Amino acid sequence: MSPHPAPTASASLDQLLAAKEIVICCGSGGVGKTTTAAAAAAMAAVRHGGKVLVVTVDPARRLADALGLTGIGNTESQVPAAAFSAAGVKPRGQLWAAMLDTKQSWDDLVRAHGPDQATIDQILANPLYQNISGRFVQSHDYIAMERLYELHSEGSYDLIVVDTPPTRNAIDFLEAPQRMGDFFSSRLLRWLIAPYRSRLVNFASKPFYQVADRILGTQFLQDIAEFFILFQSMYDGFVERARSVSRLLQDRRTTFMVVSTLEASPLTEADFFIEALTERKLHLGAVILNRVLPDYLLDEGASVVAGTMEKSAGDLAARLGAKVGPPDQLERVLGEIASSFLNFQVVAQREAEQRAELSARPDVVATIPFFETDITDLSGLLRLAEHIWS
Amino acid sequence: MTDLLDRRLIFVSGKGGVGKTTVAAALALLATQHGKRTLVCEVDPKGDLAASYECSPTGFTPREVQPGLWAMSMNTEESLREYLKLNLRIPVAGRIGPLARAFDFVATAAPGVKEILTVGKLCWEVREGHYDLVVADASATGHIVGQLSAPQGINELVQVGLVRQQTGWMLDILSDPALTGLCIVATPEEMPVSETIDLAGRVAKETTVDLASIIVNRVLPELFTTGEEEIFDRLCEPAVADQLEEMAGGPPGPILAAARLAVTMRRTRAGHLERLRAGIDPSVPLLYLPYLFARAHGLRALRQAAEALGAELGL
């Protein structure tokens, strides 16, 4: 045995929560990202103390209620001590939570970087701005990271756990700061709005405008130009900011937690994401497999027993006798539970195979069992966290 | 109500992870089995559609992947090229250089451009009539409203120009319940149900598209009928379980535990199903698809799903 055995999964996961300042949860939609993020934050508050903040995007209503999150927006609020005592624990630290309000965050950003009140008002009133800040998908990716940066640089939390917004593509938000920066500093942008500034369409770009005018209409192009001219006034602040956000993601105090279920599609995305992290030299802290079916479903002896029960349910029912139940009903029950077991076993076996493939990776893989009931309160979250961190 | 498969354009949306692509793929397969020339389009191409049909990756040009069934994946830049070629008679490659380079910018800056190119391509296929039915494996709940409402949005933002002219006929197709319908896929779990109810409300308020049906995926079978659970409880008593072990030649523990798990799962899900039914306009049909205990995802599972869908639609 080596004098320094490799840390077990739970030890390093625990270290992760103790040593890092930012944990970013990512993965495809519907895998339990939000719940995992909340569980990690709750666990950190209980075990390691300090001020822990979880930033979620869209928690389930009952979970939000349980955390006292209902109705709050961008502002962080503390999860009441009563929630912890109801769960029967005394946390060493505090748990705070905040929801991400994209529109609000954009408005705050404009207010922070706008050169003067008039420009700020103009931007906020621009129909294009309203569209972009409210609907534009990439803007959600960016603003989540921007908000993270803001919270981190304020320095009031020891650990911030972020739940990433659902993206079309899991790596979108990783690239969002870079892309936003590129976008606002691009030559293309300057080239495009130049004629509206000078009212002189330069010769080379003329055909472009002719085409664009025919497709979009001149008024619309002017709206776009106005918007970007206004936005250019925030150029320096904005680009610098996007770079800082990018740097923060690469910082060694930041780690990523990839969440997935063992279904084919989320796993493919998780794989893709892990590769993307590796390529960008970002820190992969953990791979968390959620809703893993219980091991007893893989029991080979049990599948033989189930086979027997399915085949000779009638005979077994007769022999067990009427004290257990009427023979025909008992026969049906025995047959049903046997075939149900065999059905679930098929799924469990498929999942076990995929799990084995993932464990071959050197990363820290942890599993969360299938919870029969929904997680609706802090004690549920902590129960889930126990499975990851104990 | 128009029968689902008699429409010309079906959008399939739903929260991530509920089996949206599988349902869209199964719906298209089912239509094909009923003699309809069908095009199915993966709007956010991740390759899941190709995996469902076990075919090589799909591209922008539709390809016949099963007899009578064509599959494609959306690509907004290709869609723009096609549009320009058809409407402006601009030679495609190279010559639109600045425009091609500017595309990403315009698409990013002008809200709804990517959406309109997506919805526009689908509507165009409907208008051209190359297919009897177009099934869109559309965006997830977060983005579908933006897509479906893009033609109106553009109408409001763009006062003149070719784009403005184009949105009129798209709206005609999208707003006609005989032609177009939206199916939302949900699983009987908390978040998918909540998002489905929210989405149904937003679709009614913010778009002109008819909500054709809610498809509830992964519904677990009821294990026991009345009175049978008591029998099961007695089976779990140590003395009885021991007796069973002796007779069946091995410990029944895992089987009993699995049954307990199935019953609890089913019960939790039944509550969410009730919430779903109560939260959706009663005139919208709910179609139920069973949980498929399949070895792997692919054509075999897809055929089972199509069969179950057919049964629910009374085909």
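Residues numbered from 1 in each chain as written. Chains lettered and ligands numbered in written order. Predicted model: local features only at pLDDT ≥ 70, side-chain atom pairs only at ≥ 80, totals over all residues.

(A) Structural context of the overall build of chain A. Helix and strand counts for chain A stand at 18 helices and 8 strands. Across the 390 residues in chain A, those meeting the buried criterion constitute 44%. Counted over contacts in chain A with a minimum sequence separation of 6, partners at least 24 positions apart contribute 76%. (Helix = DSSP H or I, 4+ residues; strand = E, 2+ residues; numbered from the N terminus. Buried ≥ 20, exposed ≤ 12 C-beta atoms within 10 Å, placed from the backbone. Contact = placed C-beta atoms within 7 Å.)

(B) Region of the structure containing the overall build of chain B. What chain B contains, in helices and strands, is 13 helices and 8 strands. By residue count, 50% of the 315 residues in chain B fall in the buried class. The contacts in chain B between residues at least 6 apart in sequence include a share of 72% that link residues at least 24 apart.

(C) A look at helix α6 (residues 141-148) of chain B. Among the 8 residues that make up α6 of chain B, 8 are buried, leaving the element largely enclosed by the rest of the structure. Where α6 of chain B is concerned, the buried positions are Thr-141, Gly-142, His-143, Ile-144, Val-145, Gly-146, Gln-147 and Leu-148 of chain B.

(D) View of helix α14 (residues 264-279) of chain A. All names here are of chain A. With 16 residues, α14 should reach 22 Å at 1.5 Å per residue; the first-to-last C-alpha distance of 23 Å fits that figure. For α14, the set of buried residues is Ser-265, Pro-266, Leu-267, Glu-269, Ala-270, Phe-273 and Leu-277. One or two residues past the end of α14 sits Lys-281, with phi positive at roughly 55°. (Expected span 1.5 Å × (residues − 1).)

(E) Spatial organisation of the sheet that holds strand β5 (residues 159-163) of chain A. All names here are of chain A. A sheet is described by the order of its strands in space; here 8 strands give the open sequence β3-β4-β2-β5-β1-β6-β7-β8, paired in mixed fashion. In this open sheet, the two edge strands, each paired with only one partner strand, are β3 (77-78) and β8 (365-369). With 2 bridges connecting them, β3 and strand β4 (residues 94-99) associate as antiparallel partners. Within β4, the residue paired with Gln-78 across the bridge is Trp-96. Here α14 sits on the sheet in contact with β1 (22-26), β6 (254-260) and β7 (284-292), set at roughly 160° to β6. Against the sheet, helix α18 (residues 378-389) touches β7 and β8, its axis set at about 145° to β8. (Pairing = 2+ DSSP bridges. Axes fitted to C-alpha atoms, helices over the stretch in contact; angles between N-to-C directions.)

(F) Broad picture of unusual backbone geometry. Residues and elements named next belong to chain B. Unlike most non-glycine residues, Glu-54 shows phi in positive territory, near 50°. Its 14 C-beta neighbours within 10 Å are what place Glu-54 among the partly exposed residues. A positive phi angle is found at Arg-218, which is not glycine, with a value near 60°. Inspection of the secondary structure assignment puts Arg-218 in strand β7 (residues 211-219).

(G) Highlighting the environment of Glu-300 of chain A. Relative to the helices and strands, Glu-300 of chain A is located in helix α15 (residues 300-311). Each C-alpha atom, one on Glu-300 of chain A and one on Gln-345 of chain A, is 9.6 Å from the other, the two residues being 45 residues apart in sequence.

(H) Highlighting the sheet that holds strand β3 (residues 63-66) of chain B. Residue and element names in this part refer to chain B. The strand order across the open sheet built from 8 strands is β3-β4-β2-β5-β1-β6-β7-β8, with neighbouring strands paired in mixed fashion. This sheet does not close on itself; its edge strands, each paired only once, are β3 and β8 (286-290). Averaged over neighbouring strand pairs, the angle between their axes works out to 25° when direction is ignored.

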